[in-house]
Amino acid sequence: MPEIVEGDRIRVTGRSDTCFFPRTERETNYSRDFDGRTSDGPFLLGSSVYGRSLRFTGRGECHGIVVGRGDVRIDVSMLGERQRFRGGLFTNGSIDVAVPRTGLRDSLVGDIKNASLLVRGDVVGDNIHLRNTIVVGNVQGSNVFLSSCVVFGAAVASEQLTLSASSCLYYHSRLLTFEGPCLMLQAMGDSAVRPSFVPLEDGEGEAWSPEVLYYPVIRRDEGHPLGNRPWAPSASARMAKLYPAADWVTVATETEGRTPDAAPVSSDRTILTIAGRALNLGALQIGVEQMAALLKISFEFDHYSDRGRREALARVRAVTTDEEYWVFANALEREALA
Amino acid sequence: MSEGSCNCGGQIAALESMISRLDDRIQVIEAEMADVAQAIRELGGHLGGKIDSTNNHLKVVQAEVVAVGAALLAVKTSTEDGFAATQRLQERQTNAMVQLDSVKTYTEAVALARKGASFGKEVDERFNKAVEGIVLNRVLYDKHFGAILQEFEEKVRAIGSHIYSIWEEDFSPLEKAARVPTSAYAEVSFEVDLQRLASRSAQLDQDLEMIRTQHLDPLVALDGNFVRTVRETYAIDGAVEGDAYFVPAVVVLTADAAEVTVDRCAVAPSDAAAGEIAELEPMGRAPAISAYCASPAARERVQRDCRTRPMTEAEKAQLVAAIKRLAERGLVSPRLVPGFVQYVGGVQMSMVDGALEGRGVAVAGDR
C-alpha cells in the first residue's frame, strides 16, 4: 500500500489493513487522500481512519470508522464508481459527496443499484450534503441536504433539513423542506415549523412535483421501490400519499430543561402522524414489523458467527423486498454483491 | 498580741474587781445612809428644829452620795465601755489573725493552682506545635509530590499533545453527540400517534354507539314490525292441503330461470289448518323456481308449466302502481318507493307465466 506525500497531502492507494492515525504531531497537519482511480485499483481500508481534510476518490471501501478533522469529501463523480463505508463517517466539519450529474431516473431512485455511496453506520458532521447515497444508520448535522438518498434511520438537523427526492425512516429538525418526490419509510418526524414542499429540477432539467408517499403502503405492490418514482407510480400510490393538511399537525410540546433544575421548555412542533387518518393499521403492521426485523438483524449482524450470518441473511431475504435485500446485503457483507 | 490579751484580761479583771468593790461600797453607803436617815428620823423625832438643817445636811450628804454614786456609775459605764472596746479590739485582732491565716492559706493554694495551670498550658502549646509541624510536613510532602506528578503528566502530554488535542477537540464532541439516543427524537411522534389513536378510538366507539341507537335499532324494530305486519296481513284463511299460493316477494330470475333469488317467501306447512299464519322465512338462491312452491303438487305444476318472458312496459307500470298503492296503505315504506321504481326501470324483469291462472309470482300487488 503506497503512501505518497505530496506537499501537505498524503495520498493513499491500494489496500491496507492498518488504521490511519497521525503518529507524530507533524502528521496531524497533513491531509489525506484515498485514491481509487490509480493503477492500484480501488482503495481498500481494513481499519479506521483519522485525518485532517479527508478525501475519498473513485472506487473503494473502508471497513472501519472514518473520523475527520475538518471536511470530508467523497468523489464518485465518474459513472460506475461506488464507495462503501462500513463503519460510519464522523467529522466536525462538512461532508460532501460528488456524484455524476444524472436525472432522477438514473439515480438510485430509479434503480437502487445506481447508488454511488453506501454507508453502514451514522453520518455525523456539521454541514452534510449527501447525493445518491444509501445510509444504514442516522444522518446528523447542523444543515443536512439529502439528494436522491435512502436513509434507513433518522435524519436529524439542528437547523435545516432538506429531503430532495429522498427517503428516510424519520426526521427531526428545526426547518424542513421536501423537494420533489420523497418517501417516508415510517410516518414519523417533527420540526419546529411546518415543512415546505417545493418542486425539484433534476440533473437533466426535468421537473418533479413535490409529493411524499408512505412506504409501508406501496411496499406491498409489485416492484417495491425504495424511492418515489412518479414516472411509474405504484398501484397504491394514491393511498400512500401524505397530505400536508391532514398528516402534519402542530402540537404544543413540553420538553425537559437542559439542567435538572431548569423549568420545562414549551414549544410548538409540527409532527408527522398518520394516526388521525389511517384506518386499517393492521394491514401496515406486517410491513412495519418486517422492516423492524431487518434493522434489528443489521445492527446485530457483526456479532453473529459465520453460520449465524448466513442464517440471518436468509431471514432477511424472506422478509424483505428485492431492493431492501440488496441494500442490507451490501451493507452487511464484506464482499460486495451485484 | 498575747500580751495585749493578757493585759486586757488583767485590766478587765481589775476593773471588775473595782466595780464589785464600788458596788459593795455603794451598798455600804446606802446602808449607812439608811442608818443615817433612821438616825435622823430618830433625831428628828428628838430634835425638832435641827431637823431641817439636818435634813439639809442629809440632803447634801444625799446629793453627795448621789453624785458619788453617779460618778461611780460613770466609772462603771466607762469601765464597761472600755471593756467592750477592749473586747472589740480583741475580736478585731482575732478576726484579723484568722483572716491573715486564711489569706495566707488561700494564697498558697492559688499559687499552687496557677503553677499547675501554667504547666498544663505549656504541655498544650508543645503538643500544638508538634501537630503544626506534622501538618506542615504533610503539606510540603503533597506539594512536592504533586509537583513531581504534574511534571510527569506534562511530559507525557508534551510527547502526545497531538493525541490529546485530537481526543479533546475531535473525538469528544462526536462521542457526546453519538451518546444521545436517536429514539429520543422519536418520542414526540410516538406520543402524538398514541394520543391521536386513543382519541380516534374513543370517537369511533361513540360513533358506533350512536349508529346503533339511531339507525340500527330502529331498522331492527322496523324489520320486526314488517314481519309482524306481513304475518297479520297475509294470514292464511281456509288453507287446504295441496293448495298453491303466492305471497309478495322480490324474486330475481336468471334468463333461463335456472336460479331464483327470493327475498322473502311464505311457505305453509302441508298440514296447515285454516287461519294458520304462514311462516315467513328468508330464502337465498334456489335451484329453480319450483323450490319455493308451497306444496309438492304446486311445485310439479310450476316445473311443468312455468315459463319466463320479459315484462312489458305496461306490466312494469302496473308493478310500480302496485308498489305505490302498498306504500299508501303503509305496507311498504314510502322512502323505499323511489328505489323500487328505479330498480324496476333499470333491470331486465321477467314474468313467470303458466303456473296458475292470473298473475305470476313476480308481481307484488293485491292478492
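On a predicted model such as this, the values are computed, not experimentally measured, just so you know. (Residues numbered from 1 in each chain as written. Chains lettered and ligands numbered in written order. Predicted model: local features only at pLDDT ≥ 70, side-chain atom pairs only at ≥ 80, totals over all residues. Heavy atoms only, no water.)

### Focus on the overall build of chain A
Reasoning step 1: When helices and strands are tallied, chain A shows six helices and 26 strands.
Reasoning step 2: Going through the 338 residues of chain A one by one, you find that 54% of them count as buried.
Reasoning step 3: Sequence separation of 24 or more characterises 42% of the internal contacts of chain A that already satisfy a separation of 6 or more.
Reasoning step 4: Accessible area for chain A stands at about 14500 Å²; split by element, carbon and sulfur atoms hold 50% of it. (Helix = DSSP H or I, 4+ residues; strand = E, 2+ residues; numbered from the N terminus. Buried < 20%, exposed > 50% of the residue type's maximum accessible area, 1.4 Å probe, protein only. Contact = heavy atoms within 4.5 Å. Areas by Shrake-Rupley, 256 points an atom, 1.4 Å probe, with all protein chains shown as cover.)

### Section: the overall build of chain B
Reasoning step 1: Broken down by element type, chain B carries seven helices and seven strands.
Reasoning step 2: Of the roughly 25600 Å² of accessible surface on chain B, a fraction of 59% belongs to carbon and sulfur atoms.

### Remarks on the interface of chain B and chain A
Reasoning step 1: Taken together, the contacts link 22 residues of chain B with 36 residues of chain A.
Reasoning step 2: One can count two salt bridges joining chain B with chain A.
Reasoning step 3: Here E169 of chain B makes a salt bridge to R69 of chain A, at a shortest N to O gap of 2.5 Å.
Reasoning step 4: The interface formed by chain B and chain A holds nine residue pairs in polar contact (both at pLDDT 80 or more) in total.
Reasoning step 5: Where the side of chain B that touches chain A is concerned, the elements lending two or more residues are α3 (161–179) and α4 (183–233) of chain B. (Salt bridge = Lys/Arg side-chain N within 4 Å of Asp/Glu carboxyl O. Polar contact = N/O pair within 3.5 Å; in protein donor to acceptor, adjacent residues only side chain to side chain.)

### A word on the pairing of strand β16 (residues 139–147) of chain A
All names here are of chain A.
Reasoning step 1: Two strands pair when backbone bridges link them, and strand β13 (residues 123–124) and β16 are joined in this way by two bridges, in the parallel orientation. In the strand pairing of β16, V124 is matched with Q140.
Reasoning step 2: As paired elements, strand β14 (residues 127–131) and β16 share five bridges and run parallel to each other. Following the sheet pairing, I128 is matched in β16 by V144. (Pairing = 2+ DSSP bridges.)

### A look at the packing of aromatic side chains
Describing an aromatic ring pair means giving the distance of the ring centres and the angle of the ring planes.
Reasoning step 1: Applying the stated criterion across every chain, the model contains 16 aromatic pairs over all chains.
Reasoning step 2: Seen in terms of ring centroids, F301 of chain A and Y304 of chain A are 6.1 Å apart; in terms of plane orientation they differ by 70°. Their pairing is edge-to-face.
Reasoning step 3: Its relative accessible area of 21% is what places Y304 of chain A among the partly exposed residues.
Reasoning step 4: Summarising the aromatic geometry, the rings of W167 of chain B and F171 of chain B are spaced 6.3 Å apart at their centres and angled 20° between planes, so their arrangement reads as stacked. Here the residue W167 of chain B and the residue F171 of chain B both occupy positions in helix α3, the gap between them amounting to four residues, near one helical turn.
Reasoning step 5: Taken together through their ring pairs, the aromatic side chains of F20, F34, F43, F56 and F85 of chain A make up a single cluster.
Reasoning step 6: The ring of Y325 of chain A carries the charged tip of R317 of chain A above its face, separated from the ring centre by 4.8 Å. (Phe/Tyr/Trp six-rings, centres within 6.5 Å; stacked < 30°, edge-to-face > 60°. Lys NZ or Arg CZ within 6 Å of the ring centre and 35° of its normal.)

### A word on the side chain of D247 of chain A
All names here are of chain A.
Reasoning step 1: The residue D247 is located in helix α3 (residues 244–247) in this model.
Reasoning step 2: A distance of 2.7 Å separates the side chain of D247 from the backbone nitrogen of Y243, its partner in a polar contact.
Reasoning step 3: Beyond its immediate sequence surroundings of up to four residues, D247 is in contact with K241, L242, I271, L272, T273, I274 and R277.

### Focus on the packing of helix α4 (residues 281–300) of chain A against helix α5 (residues 306–319) of chain A
All names here are of chain A.
Reasoning step 1: Interaxial distance between α4 and α5 falls to 10 Å at its minimum, and their mutual angle equals 160°. The angle between α4 and α5 places the two elements in the roughly antiparallel class. Crossing geometry of α4 relative to α5 is assigned as left-handed. Packed against α4, whose contacting residues are Q290, L294 and I297, the element α5 presents A312, R315, V316 and V319 at the interface. (Axes fitted to C-alpha atoms, helices over the stretch in contact; angles between N-to-C directions. Parallel < 35°, antiparallel > 145°, perpendicular 65-115°, else oblique. Left-handed = near helix turned anticlockwise from the far one by under 90°.)

### A look at a nonpolar patch on the surface
All names here are of chain B.
Reasoning step 1: Residues Y141, F145, I148, L149, F152, V156 and Y164 make up a contiguous nonpolar surface patch of about 710 Å² in total accessible area.
Reasoning step 2: Ranked by the residues each element gives to the nonpolar patch, the list is headed by helix α2 (residues 50–159), at six residues.
Reasoning step 3: You can see V156 is positioned in helix α2. (Patch = residues over 30% accessible without salt bridge, like charges linked within 9 Å, V, L, I, M, F, W, Y side chains within 5 Å.)

### Here we look at the packing of helix α6 (residues 313–328) of chain B against helix α7 (residues 337–346) of chain B
All names here are of chain B.
Reasoning step 1: Closest axis-to-axis distance for the α6/α7 pair is 10 Å, and the angle between their directions is 170°. One element, α6, and the other, α7, form an angle in the roughly antiparallel class. On α7, the residues that touch K316, L319, V320, I323, K324 and A327 of α6 are V337, F340, V341 and V344.

### With respect to the side chain of D33 of chain A
All names here are of chain A.
Reasoning step 1: In this structure, D33 sits in strand β4 (residues 31–36).
Reasoning step 2: For D33, a relative accessible area of 8% puts it in the buried group.
Reasoning step 3: If we skip the residues at most four places from it in the chain, D33 touches R9, I10, R11, V12 and R55.

### Brief notes about helix α6 (residues 322–332) of chain A
Spacing of three or four residues puts side chains on the same side of an α-helix, whose turn is 3.6 residues.
Reasoning step 1: Among the eleven residues that make up α6 of chain A, nine are buried, leaving the element largely enclosed by the rest of the structure.
Reasoning step 2: By the burial criterion, the buried members of α6 of chain A are E323, E324, W326, V327, F328, A329, N330, A331 and L332 of chain A.

### Topic: the pattern of salt bridges
Reasoning step 1: In total, this model carries 29 salt bridges over all chains according to the counting rule given.
Reasoning step 2: A single salt-bridge network, built from bridges that share partners, covers E3, E27 and R32 of chain A.

### Some details on the state of the cysteines
Reasoning step 1: Following the criterion strictly, the structure yields zero disulfides over all chains and no others.
Reasoning step 2: Counting only cysteine sulfurs, C168 of chain A is the nearest neighbor of C182 of chain A, a cysteine outside any disulfide, at a range of 8.4 Å. (Disulfide = S-S within 2.5 Å.)

### Some details on the nonpolar core
Reasoning step 1: In terms of nonpolar packing, the biggest core is built from 91 residues, with F56, L130 and Y171 of chain A touching the most fellow members.
Reasoning step 2: The greatest single-element share of this core, amounting to nine residues, is contributed by strand β17 (residues 150–164) of chain A.
Reasoning step 3: Apart from residues lying up to four places away in sequence, L130 of chain A is in contact with I95, V97, V123, V135, V139, F145, L146, S147 and C149 of chain A.
Reasoning step 4: Counting residues in hydrophobic clusters, the runner-up holds nine residues, among them I323, V337, V344 and M351 of chain B. (Core = buried A, V, L, I, M, F, W, Y, C linked by side-chain atoms within 4.5 Å.)

### Some thoughts on unusual backbone geometry
All names here are of chain A.
Reasoning step 1: The phi dihedral of N132 falls on the positive side, at around 50°, and the residue is not glycine.
Reasoning step 2: Along the chain, N132 falls in the loop between β14 and β15 (133–136).
Reasoning step 3: Here the phi dihedral of A165 falls at roughly 50°; this positive angle occurs in a residue that is not glycine.
Reasoning step 4: Take A165: it is sitting in the loop between β17 and β18 (167–179).
Reasoning step 5: Given the relative accessible area of 4%, A165 is considered buried.

### Description of the pairing of strand β1 (residues 3–6) of chain A
Residues and elements named next belong to chain A.
Reasoning step 1: Pairing between β1 and strand β2 (residues 9–13): four bridges, direction antiparallel. The residue bridging E6 from the neighbouring strand is R9, located in β2.
Reasoning step 2: If you look at the hairpin formed by β1 and β2, you'll find two residues sitting between the two strands, and G7 has a positive phi there, around 65°.

### Structural notes on the confidence of the model for chain B
Residues and elements named next belong to chain B.
Reasoning step 1: Of all residues in chain B, 68% attain a pLDDT of 70 or more, and the chain-wide mean is 74.
Reasoning step 2: Per-residue pLDDT, averaged within each element of chain B, yields its smallest value for strand β5 (residues 285–286) (45) and its largest for α6 (87).
Reasoning step 3: Ignoring residues within four places in sequence, the model shows residues 1–6, a span with pLDDT below 50, making three contacts including any to other chains.
Reasoning step 4: Contacts from residues 272–287, a stretch scored under 50 in pLDDT, to residues over four places away or in other chains number 50 contacts.
Reasoning step 5: Prediction confidence for the complex, expressed as pTM and ipTM, is 0.59 and 0.79 respectively. (pLDDT = per-residue confidence, 0-100.)

### A short note on the environment of V36 of chain B
All names here are of chain B.
Reasoning step 1: The residue V36 is located in helix α1 (residues 2–46) in this model.
Reasoning step 2: You can call V36 partly exposed: its relative accessible area is 36%.
Reasoning step 3: Each C-alpha atom, one on V36 and one on L58, is 8.1 Å from the other, the two residues being 22 residues apart in sequence.
Reasoning step 4: In contact with V36, not counting residues within four places along its chain, are R41 and L58.

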